[in-house]
Amino acid sequence: MKKFFLIALCATSMMLNAQTVQDTTATFDCGELVTIEAQPNAGYHFVQWSDGVTQAQRQIDLTKDTLLTAIFAHNDLKVSFSASLGGAVVDSLNVTGDFEATVPWGESVVATAKVTDDCYEFVGWYYAGTEDLYSDQTTITVNPTADMQLVATFKVKKLSIKLTPSDSSMGKVVILSQN
């Protein structure tokens, strides 16, 4: 008489209170060699099986009903900060200059935009290569959900000059050139 055994596979994340993302259940003959594989979605990586095996693909010689859980975790995220002409970026350690941070999932990173030239003013933090504003605050706390590049953007200040003669009956003041 043939015996049949059930293999049940499920996937979960290392986050607390995580829900099962996908279940697979199948029935096989006793002693059958079954190949299984844990396949992470984009932004995640495979950590291990619930029995401690760390190889994503493995073979199981089924001799009893088996339940295995594939454990996944979020990938660390890369956030880079840079500045346009007229300014600089200051990191949370007060170091000035462009920088890239590796941010574990669920954590944050802080950056501050700093004007370095009196003729410039801060405009905002923009996603690199776009005109999409991330924030108009000089200091930002970023909680990334994907890799990102932010640019502290500065522009030349527009200043005015008002010239008046002490007595307009005696003469006038004019602007002769502008470079």
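Residues numbered from 1 in each chain as written. Predicted model: local features only at pLDDT ≥ 70, side-chain atom pairs only at ≥ 80, totals over all residues. Heavy atoms only, no water.

## A look at the pairing of strand β14 (residues 148–156)
Here strand β7 (residues 77–83) runs beside β14; their pairing, made up of 5 bridges, is parallel. Along β14, the bridge assignment pairs Phe-81 with Leu-150. One ladder, built from 7 bridges, connects strand β11 (residues 120–127) with β14; its direction is antiparallel. Each bridged residue has a counterpart across the sheet, and for Tyr-126 the counterpart in β14 is Val-151. (Pairing = 2+ DSSP bridges. Helix = DSSP H or I, 4+ residues; strand = E, 2+ residues; numbered from the N terminus.)

## Concerning the sheet that holds β7
Taken together, the 5 strands give an open sheet; going across it, the order is β9-β7-β14-β11-β12, and neighbouring strands pair in mixed fashion. Sheet topology places β9 (99–103) and β12 (133–135) at the edges, where each strand pairs with a single neighbour. Across the sheet, the axes of successive neighbouring strands diverge by a mean angle of 30°, strand direction being ignored. (Axes fitted to C-alpha atoms, helices over the stretch in contact; angles between N-to-C directions.)

## Quick word on the sheet that holds strand β13 (residues 139–142)
Taken in spatial order, the 3 strands of this open sheet run β8-β10-β13, and their pairing is antiparallel. Only two strands of the sheet have a single neighbouring strand rather than two, namely β8 (87–91) and β13. This sheet shows a mean twist of 25° between the axes of neighbouring strands, independent of strand direction. In the sheet, β8 pairs with strand β10 (residues 109–115) via 5 bridges, with the strands oriented antiparallel. The residue of β10 that forms the bridge with Val-89 is Ala-113.

## What to know about the pattern of salt bridges
Evaluated as defined, the whole model comprises 2 salt bridges. Residue Lys-155 is joined to Glu-121 by a salt bridge in which the shortest nitrogen-to-oxygen separation is 3.9 Å. Of this pair, Lys-155 sits in strand β14 while Glu-121 sits in strand β11, and the two are 34 residues apart along the sequence. With a relative accessible area of 45%, Lys-155 lands in the partly exposed category. (Salt bridge = Lys/Arg side-chain N within 4 Å of Asp/Glu carboxyl O. Buried < 20%, exposed > 50% of the residue type's maximum accessible area, 1.4 Å probe, protein only.)

## Points about the packing of aromatic side chains
Using the criterion set out here, one finds 6 aromatic pairs in the structure. Residues Phe-81 and Trp-125 carry aromatic rings whose centres are separated by 5.8 Å and whose planes lie at 85° to one another, so their mutual orientation is edge-to-face. Note that Phe-81 is positioned in strand β7 and Trp-125 in strand β11, a separation of 44 residues in sequence. There is no split in this pair, since Phe-81 and Trp-125 are both buried. An aromatic cluster of three or more residues is present, and its members are Phe-46, Trp-49 and Phe-72. (Phe/Tyr/Trp six-rings, centres within 6.5 Å; stacked < 30°, edge-to-face > 60°.)

## As for a nonpolar patch on the surface
Together, Ile-161, Leu-163, Val-173 and Ile-175 make up a nonpolar patch on the protein surface, roughly 380 Å² of accessible area in all. Mapped onto the secondary structure, Val-173 falls in the segment after β14. You can call Val-173 partly exposed: its relative accessible area is 38%. (Patch = residues over 30% accessible without salt bridge, like charges linked within 9 Å, V, L, I, M, F, W, Y side chains within 5 Å. Areas by Shrake-Rupley, 256 points an atom, 1.4 Å probe, with all protein chains shown as cover.)

## Side note on the nonpolar core
In this structure, Phe-81, Val-109, Trp-125 and Val-142 are the most contacted members of the largest nonpolar core, which totals 18 residues. Counting only elements with at least two residues in this core, the list comes to β7, β9, β10, β11, β13 and β14. The leading source of residues in this core is β14, at 4 residues. When residues no more than four places from it in sequence are discounted, the contact partners of Phe-81 are Val-89, Asp-98, Phe-99, Val-109, Ala-111, Trp-125, Ile-140, Val-142 and Leu-150. If you look at the next biggest cluster of nonpolar residues, it comprises 10 residues, including Ala-38, Phe-46, Leu-68 and Phe-72. (Core = buried A, V, L, I, M, F, W, Y, C linked by side-chain atoms within 4.5 Å. Contact = heavy atoms within 4.5 Å.)

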